[in-house]
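Below are the chains, spelled out letter by letter.
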There are 4 protein chains.
Amino acid sequence: MRPMCILGIAGSLRRGSYNRLLLRAAAERAPKGMTIDVYSDLASVPLFNEELEGENGPQAVVRLRQRVHDADGVLIATPEYNQSIPGVLKNAIDWLSRPPEEVLAGKAVAIFGASTGRWGTRLAQAAVRQTLNAAEAVVLPSPAVFIGDASSVFDSAGHLSDPPICAALDAFLVAFQRWIDMVAKK
Amino acid sequence: MRPMCILGIAGSLRRGSYNRLLLRAAAERAPKGMTIDVYSDLASVPLFNEELEGENGPQAVVRLRQRVHDADGVLIATPEYNQSIPGVLKNAIDWLSRPPEEVLAGKAVAIFGASTGRWGTRLAQAAVRQTLNAAEAVVLPSPAVFIGDASSVFDSAGHLSDPPICAALDAFLVAFQRWIDMVAKK
Amino acid sequence: MRPMCILGIAGSLRRGSYNRLLLRAAAERAPKGMTIDVYSDLASVPLFNEELEGENGPQAVVRLRQRVHDADGVLIATPEYNQSIPGVLKNAIDWLSRPPEEVLAGKAVAIFGASTGRWGTRLAQAAVRQTLNAAEAVVLPSPAVFIGDASSVFDSAGHLSDPPICAALDAFLVAFQRWIDMVAKK
Amino acid sequence: MRPMCILGIAGSLRRGSYNRLLLRAAAERAPKGMTIDVYSDLASVPLFNEELEGENGPQAVVRLRQRVHDADGVLIATPEYNQSIPGVLKNAIDWLSRPPEEVLAGKAVAIFGASTGRWGTRLAQAAVRQTLNAAEAVVLPSPAVFIGDASSVFDSAGHLSDPPICAALDAFLVAFQRWIDMVAKK
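These figures come from a predicted structure and were not determined experimentally. (Residues numbered from 1 in each chain as written. Chains lettered and ligands numbered in written order. Predicted model: local features only at pLDDT ≥ 70, side-chain atom pairs only at ≥ 80, totals over all residues. Heavy atoms only, no water.)

Engineer: An account of the overall build of chain A is needed here, citing residue identities and associated values.
Structural biologist: In terms of helices and strands, chain A carries 5 helices and 6 strands. Listed by position from the N terminus, the elements making up chain A come as β-α-β-α-β-α-β-α-β-β-α. In terms of C-alpha radius of gyration, chain A reaches 16 Å, essentially the compact-globule figure of 16 Å for 186 residues. Overall, the C-alpha framework of chain A stretches about 50 × 40 × 25 Å when taken along its three principal axes. Out of the 186 residues in chain A, the part that is buried amounts to 61%. Contacts spanning at least 24 positions in sequence make up 80% of the contacts within chain A whose residues lie at least 6 apart. Total accessible area computed for chain A in this model is approximately 7200 Å², and 50% of it derives from carbon and sulfur atoms. (Helix = DSSP H or I, 4+ residues; strand = E, 2+ residues; numbered from the N terminus. Rg over C-alpha atoms; globule rule 2.2 N^0.38 Å. Buried < 20%, exposed > 50% of the residue type's maximum accessible area, 1.4 Å probe, protein only. Contact = heavy atoms within 4.5 Å. Areas by Shrake-Rupley, 256 points an atom, 1.4 Å probe, with all protein chains shown as cover.)

Engineer: Provide a residue-level description of the relation of the copies chain C and chain D, including the pertinent values.
Structural biologist: For these two chains of identical sequence, chain C goes onto chain D by a turn of 180° and a shift of 0.0 Å along the axis, with RMSD 0.0 Å. Taken together, the rotation and translation relating the two chain copies correspond to the operation of a two-fold axis. Within chain C, M182 of chain C has its C-alpha nearest the rotation axis, a separation of 3.2 Å. Of the interface residues in chain C, 100% have counterparts in chain D that sit at the interface too, so the contact is made through matching surfaces. (Least-squares fit on C-alpha atoms with pLDDT ≥ 70 in both.)

Engineer: An account of the relation of the copies chain A and chain D is needed here, citing residue identities and associated values.
Structural biologist: Once chain A has been moved 0.0 Å along the axis and rotated by 180°, it coincides with chain D to within an RMSD of 0.0 Å. Most of the interface of chain A is mirrored in chain D, where 100% of its interface residues are also at the interface.

Engineer: Explain the environment of A127 of chain B to me, using residue names and the numbers behind them.
Structural biologist: Along the chain, A127 of chain B falls in helix α4 (residues 122–134). Along the backbone, A127 of chain B and S84 of chain B are 43 residues apart, and their C-alpha atoms lie at a distance of 5.8 Å.

Engineer: Could you give an account of the interface of chain C and chain D, naming the residues involved and the relevant values?
Structural biologist: Between chain C and chain D, the contact holds 13 residues from the first and 13 residues from the second. Between chain C and chain D lies a buried interface of about 1200 Å² when both sides are counted; carbon and sulfur atoms form 66% of it. Counting every contact that joins chain C to chain D gives 0 salt bridges. The interface formed by chain C and chain D includes 4 residue pairs in polar contact (both at pLDDT 80 or more). Of the residues forming the side of chain C that touches chain D, the biggest block, 4 residues, is contributed by helix α4 (residues 122–134) of chain C. Residues that form the side of chain C that touches chain D fall into these classes: 7 nonpolar, 3 polar and 3 charged. (Buried area = accessible area lost by both parts, 1.4 Å probe. Salt bridge = Lys/Arg side-chain N within 4 Å of Asp/Glu carboxyl O. Polar contact = N/O pair within 3.5 Å; in protein donor to acceptor, adjacent residues only side chain to side chain. Nonpolar A, V, L, I, M, F, W, Y, C, P; charged D, E, K, R; others polar.)

Engineer: Before we move on, can you summarise the pattern of salt bridges with the specific residues and values?
Structural biologist: Inspection of every chain in the model, using the stated rule, returns 48 salt bridges over all chains. Residue D41 of chain D pairs with R63 of chain D through a salt bridge whose shortest N-O separation is 3.7 Å. Of this pair, D41 of chain D sits in the loop between β2 (34–38) and α2 (59–70) while R63 of chain D is found in helix α2, placing the two residues 22 residues apart along the sequence. Through salt bridges with shared partners, a single network forms among R14 of chain A together with E50, E53 and R98 of chain D.

Engineer: So what's going on with helix α3 (residues 87–96) of chain B? Which residues, and what values?
Structural biologist: With 10 of 10 residues buried, α3 of chain B is to be regarded as a mostly interior element. In the core, the buried residues of α3 of chain B are packed alongside β1 (4–10), α2 (59–70), β3 (73–77) and α4 of chain B together with α3 (87–96) of chain C.

Engineer: Quick rundown of the environment of K107 of chain A? Include the residues and the values.
Structural biologist: Residues and elements named next belong to chain A. Looking at where K107 falls in the secondary structure, it is placed in the loop between α3 (87–96) and β4 (108–114). Judged by relative accessible area, K107 falls into the buried class, the value being 11%. Between the alpha carbons of K107 and I180 there is a distance of 8.6 Å; along the sequence they are 73 residues apart. When neighbours within four sequence positions are excluded, K107 is seen to be in contact with V68, H69, A71, D72, G73, V74, A137 and V138. A distance of 3.1 Å separates a polar atom in the side chain of K107 from the backbone oxygen of H69.

Engineer: Give a description of helix α1 (residues 18–29) of chain C that names residues and reports values.
Structural biologist: Residues and elements named next belong to chain C. With 12 residues, α1 should cover 16 Å at 1.5 Å per step; its first-to-last C-alpha distance of 16 Å lies within 8% of that length. Taken together, the buried positions of α1 are occupied by N19, L21, L22, L23, A25 and A26. Summarising the contacts, the buried residues of α1 are in contact with β1 (4–10), β2 (34–38), β3 (73–77), β4 (108–114), β6 (146–147) and α5 (163–184). (Expected span 1.5 Å × (residues − 1).)

Engineer: Break down the packing of aromatic side chains for me, with residues and values.
Structural biologist: Per the counting criterion, the structure on display carries 22 aromatic pairs over all chains. Taking the centre distance of 6.1 Å and the plane angle of 80° together, the rings of W179 of chain C and W179 of chain D count as edge-to-face. Residue W179 of chain C is found in helix α5, and its partner W179 of chain D is found in helix α5 (residues 163–184); the two belong to separate chains. Pair check on accessibility: W179 of chain C and W179 of chain D agree, each one buried. Connected via pairs of aromatic rings, a cluster forms that spans F48 and W95 of chain A together with Y81 of chain D. (Phe/Tyr/Trp six-rings, centres within 6.5 Å; stacked < 30°, edge-to-face > 60°.)

Engineer: Got a sec to walk through the pairing of strand β3 (residues 73–77) of chain A? Specific residues and values, please.
Structural biologist: Residue and element names in this part refer to chain A. By the criterion of burial, β3 is predominantly enclosed, with 5 of the 5 residues buried. Burial along β3 is two-sided: the residues G73, L75 and A77 and V74 and I76 are all buried. Bridging between strand β1 (residues 4–10) and β3 involves 5 bridges; their strand directions are parallel. Within β3, the residue paired with I6 across the bridge is G73. By the bridge criterion, 4 bridges tie β3 to β4 in an arrangement that is parallel. Along β4, the bridge assignment pairs I76 with I111. Each parallel crossover has a hand, and for β3 linked through α3 to β4 it is right-handed. (Pairing = 2+ DSSP bridges. Right-handed = clockwise from strand over helix to strand, strands pointing away.)

Engineer: Let's hear about the interface of chain A and chain D: which residues, and what values?
Structural biologist: Opposite the 30 residues of chain A that make contact, chain D presents 30 residues. When the two sides are added together, the surface that chain A and chain D hide from each other amounts to roughly 2600 Å², 51% of it contributed by carbon and sulfur. The largest contributions to the chain A side of the interface with chain D come from L47, E51 and N82 of chain A, which together make up 25% of the buried area. On inspection of chain A and its partner chain D, the count reaches 4 salt bridges. The interface formed by chain A and chain D holds 18 residue pairs in polar contact (both at pLDDT 80 or more) in total. Contributing elements (two or more residues each) for the side of chain A that touches chain D: α3 and α4 (122–134) of chain A. With 6 residues, α3 of chain A is the single largest residue contributor to the side of chain A that touches chain D. The residue makeup of the side of chain A that touches chain D, split by class, is 14 nonpolar, 10 polar and 6 charged.

Engineer: Quick rundown of unusual backbone geometry? Include the residues and the values.
Structural biologist: With omega at 0°, the peptide bond leading from S142 of chain B into P143 of chain B counts as cis. Tracing the backbone through its elements, the reader meets P143 of chain B in the loop between β5 (138–139) and β6 (146–147). P100 of chain C follows P99 of chain C through a cis peptide bond whose omega is 0°. On the secondary structure map, P100 of chain C appears in the loop between α3 and β4. Positive phi outside glycine occurs at N82 of chain B, with the angle close to 50°. Non-glycine residue Q83 of chain C carries a positive phi angle of around 55°. Positionally, Q83 of chain C belongs in the loop between β3 and α3.

This is the structure we're talking about:
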């Protein structure tokens, strides 16, 4: 049986971003039958502008759209900026939601996230969820993975080292795998 | 094959509420294989208070919890109060979300709504969705049914008489039926 | 000069609620020139129903409306239920927002809150803020006071005993005092 | 007395954007004592990335930050993308909120918006408000100006031609003027 191919997207452009590390941890811990590729080109997606849509739109958008189209599911790791979704992540979703492709419609998506502060991306995840729902994505309802104090859950090599969070991440990925199966049978 | 039994809940206590009429229209237009029973006892659900939970909790809560438990899906028609979910509806969800039963967890739910004003319950529906998601319900992502100027879409006998909205409602109910099937196979 | 009279409202009906303790702490620590009276009758406010509005509406609503009207400001301590505003608190705001009095319109309000869990009422406070804004209250923008792990910040007698949170509360109350002054000059 | 200088920012990059027309209408109708300059360089603000912050950060950000700093108030006209704030607008706010300048903290801001669809930016405005509040801006609480079906309220020359909306806009601008005065006295 073909493995599920997941596209991971981090909502921060910073190279050392904890949400990027979180995606890497997810890729390493993915359950049997799931592979996670991490998208690394968010910085090349231009600011959304209808006037740029033309025939195909900007190349970076065309490529990202194709990758979302080809994926069995999308896994979004989001930081929280100003108690909401990062602009860079919202901007990418704004492109992806556009007709005629609307590649997020019907797509299985899961959201998690880490913040260096104490409060763990609850407002960001709620905002990402609302926006994905508007784009008609089919978002995993639970379990949620909120990670605060992110600097304390990764070791110096950037590996997730907090046992309860590792266990929560494993359960989250298994639930996402089932969710993708369910959505595929729709 | 057993028909799907849906529990309809209107988020307003007013007898002539447009959201109650909307549920009645849904019940009349339900697709083959689906029946919709409208819950009419929201006024008897007390204000949430952990101290009342005791053995079983208030009788009205016990009965509502049982009806949600027994239903194949829950259909919520919500007005918008102060740009958000009505307190009376949130209060019922607060009871239903509580352990040990947590009857909303894993339950298929769909949200729609009507308002007399122009703006059609977008903020209310977003708030209901966020709260149901927290309770781990599995909420139909799309299509959405937003109805503004509700007084103009029902006739004097209280029947939904606006053809585009009738068609949107039909599509919504069919999508909900498929969603329930999908969630059942999870 | 007349002291500012603040009405404190806790969003939970539980007697031992941490948000009630938080209001008590605020009352004890109120800056010179401010007194805080804690409203203790939220349990008697019925579920909102337009049909009950009649001449004056339910007695508990009439009394609460009068107290809000008479107060120089309203201080709301909210727990988080299902990632949002508690139904009991939203229900009270739904009553208070109604014409013809609309006692919240133009009223200075501040929001804070405590939760026993880790995540500290960020989603609840955002929801309360959105709803108060819809009711045209004039809500203190900052600083925010989010309190997680509430059981660890009060001592066994129910007094706030965490020095950084005491300091944050003091700064919050001083900012609210200035905010009320500012709104009064509008 | 020096006139109030307002910086207007439209949340869309499209040249013919209705929100840009709305800002132009606001500039033309500004009350005595208020001038509104429309910022036209949002397209040059790069995607937010902490790694770019360095000494001063990107030139476009430095210039925008200076303009916000110098303005007596900021007027934001926002479309609604995917039931929330446009990514391009959120991205600019993410830059503006950053230390050490934090130019939005304490700044008077007002939000309005137009959409071509029926539903009139209620969800977008709520999201903009939440994010500005996180950045400690002091956002005008009311009145709100929601404009749906935007193509029907401007004439063929792009001038606002709907009398009730003109009146609502005038009242909104006068309220903003008073709000700025109030915030200045804080």
